[in-house]
Amino acid sequence: MLALFLVLVVSVPAMADTTIDSEQTESMRTRIDQSVNKGIEFLRTRGQADDGSFSGETGVAVTALCVNAILKHRPAAINDPVIQKALTYVESKIQSDGGIYETGSLYRNYETSVSVGALVQANKSGKDQSKYESALKRAEVFLKGLQWDEGEGIETSDTAYGGAGYGNHKRPDLSNTAFFMEALHELGNGPDDEAIQKALQFVVKTQNLAGQGNDTKYADKVGDGGFYYTPAAGGQSQAGETEAGGLRSYGSMTYAGLKSMIYAGLTPDDVRVQAAMDFIRKNYSVETNPGMGSAGLYYYYHTFAKALDAAGVEVLDDANGKPRVWRQDLANQLISEQLDDGSWVNKENERWMEGDRQLVTAYTLLALSYCRQ
């Protein structure tokens, strides 16, 4: 199904310059490998604390992201003492309720979801591919228990229904719901999983598209097919509101929405998918987070890469009708932004912890893992 996105969703003129020859591809792989090696060495030699954590003062999430990022590029690094220490640190945060988070954390869903990604990758990379099976099963039960549904006494019509928040039970949002759905997807849950289908109900309510399961008061106020942060608890977009009271769409949430719809089984001919892709084409950028500028830029990059890879898109037309080979565009941009010490950091905007080199380097390495052809 996913391979059909290239044919059915992306309109690409028959132009010779969209063809990537083997020499270009090999050159790009070499450049990506060189950049990745520098990034990994930064994490290995300068990013880790004595207790095995990466930015452990913020909880377990950054450590999990770093483990996942390194192992995606170097599965054999499962035997590296750096990875073993980091995994021991992650294991130390497994709680009695099945969650994987810092004691007292307000971000239990987020921390557990990204920790699932690290432990799934560790299982794939190690000789004992069932090592974390028990912990992962318990984490799945924990995550599903956090989802906003009948257990919270709400109806399907509620704007919060099906979503996931940070885990402190204030209100759900699309970012956390996307991490939640990705964790369930990595755990082997398919589109027919009840929790994923409930989450889809929340996801479609964060899209600026009327109908198609979206009956919120914001549905028809913008109508550009993009996504925003949350319709729950009065609604919020990190990109702000329009004069008419609409919640503005922005890049990172639109890619998060697209990826989530794919995991929930929506097909390329679905109106919601087509609307999301239309927003993406009109706002295509590897220089800014559309609607947000430099804020959350590296979160945007890694979500951008995951979503287009999951969608099977290789080339798409931008707002000017120019075919863009996104993997090349993104890799070139990320490589150009790497610092001399091998790390990455958001030099223009530290919002959402993007002044943290460990976190931003992990985001970038994850993005680059999807840039190889």
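Above this text sits the structure in question.
Calculation notes
Residues numbered from 1 in each chain as written. Predicted model: local features only at pLDDT ≥ 70, side-chain atom pairs only at ≥ 80, totals over all residues. Heavy atoms only, no water. Helix = DSSP H or I, 4+ residues; strand = E, 2+ residues; numbered from the N terminus. Buried < 20%, exposed > 50% of the residue type's maximum accessible area, 1.4 Å probe, protein only. Axes fitted to C-alpha atoms, helices over the stretch in contact; angles between N-to-C directions. Left-handed = near helix turned anticlockwise from the far one by under 90°. Contact = heavy atoms within 4.5 Å. Nonpolar A, V, L, I, M, F, W, Y, C, P; charged D, E, K, R; others polar. Polar contact = N/O pair within 3.5 Å; in protein donor to acceptor, adjacent residues only side chain to side chain. Phe/Tyr/Trp six-rings, centres within 6.5 Å; stacked < 30°, edge-to-face > 60°.

## Quick notes on unusual backbone geometry
Phase 1: Of note in this structure, alanine 233 is not a glycine but carries a positive phi near 50°.
Phase 2: Tracing the backbone shows alanine 233 in the loop between helix H8 (194–204) and helix H9 (251–263).
Phase 3: Overall, alanine 233 belongs to the exposed group, its relative accessible area being 67%.
Phase 4: A positive phi angle, near 60°, is found at tryptophan 352, a position not held by glycine.
Phase 5: Its relative accessible area of 37% is what places tryptophan 352 among the partly exposed residues.

## Let's talk about the packing of helix H7 (residues 174–186) against H9
Phase 1: Interaxial distance between H7 and H9 falls to 9 Å at its minimum, and their mutual angle equals 35°. The crossing of H7 and H9 is left-handed. Of the residues in H9, those touching H7 at Leu174, Ser175, Ala178, Met181, Glu182 and His185 are Met253, Ala256, Gly257, Lys259, Ser260 and Tyr263.
Phase 2: Here the residues of the contact of H7 with H9 are counted per class, giving 6 nonpolar, 4 polar and 2 charged.

## Re the side chain of glutamate 337
Phase 1: Topologically, glutamate 337 is positioned in helix H12 (residues 326–337).
Phase 2: Side-chain polar atoms of glutamate 337 contact the side chain of tyrosine 301, separated by 3.4 Å.
Phase 3: Discounting residues that sit within four places of it in the chain, glutamate 337 has contacts with Tyr298, Tyr301 and Trp344.

## Quick notes on the packing of aromatic side chains
Phase 1: Under the defined criterion, the tally for this structure stands at 13 aromatic pairs.
Phase 2: A ring pair is formed by phenylalanine 179 and tyrosine 299, whose centres lie 6.1 Å apart and whose planes are at 75°; its orientation type is edge-to-face. Note that phenylalanine 179 is positioned in helix H7 and tyrosine 299 in helix H11 (residues 297–310), a separation of 120 residues in sequence.
Phase 3: One aromatic cluster in this structure is built from Tyr255, Tyr284, Tyr298, Tyr300, Tyr301, Phe304 and Trp326.

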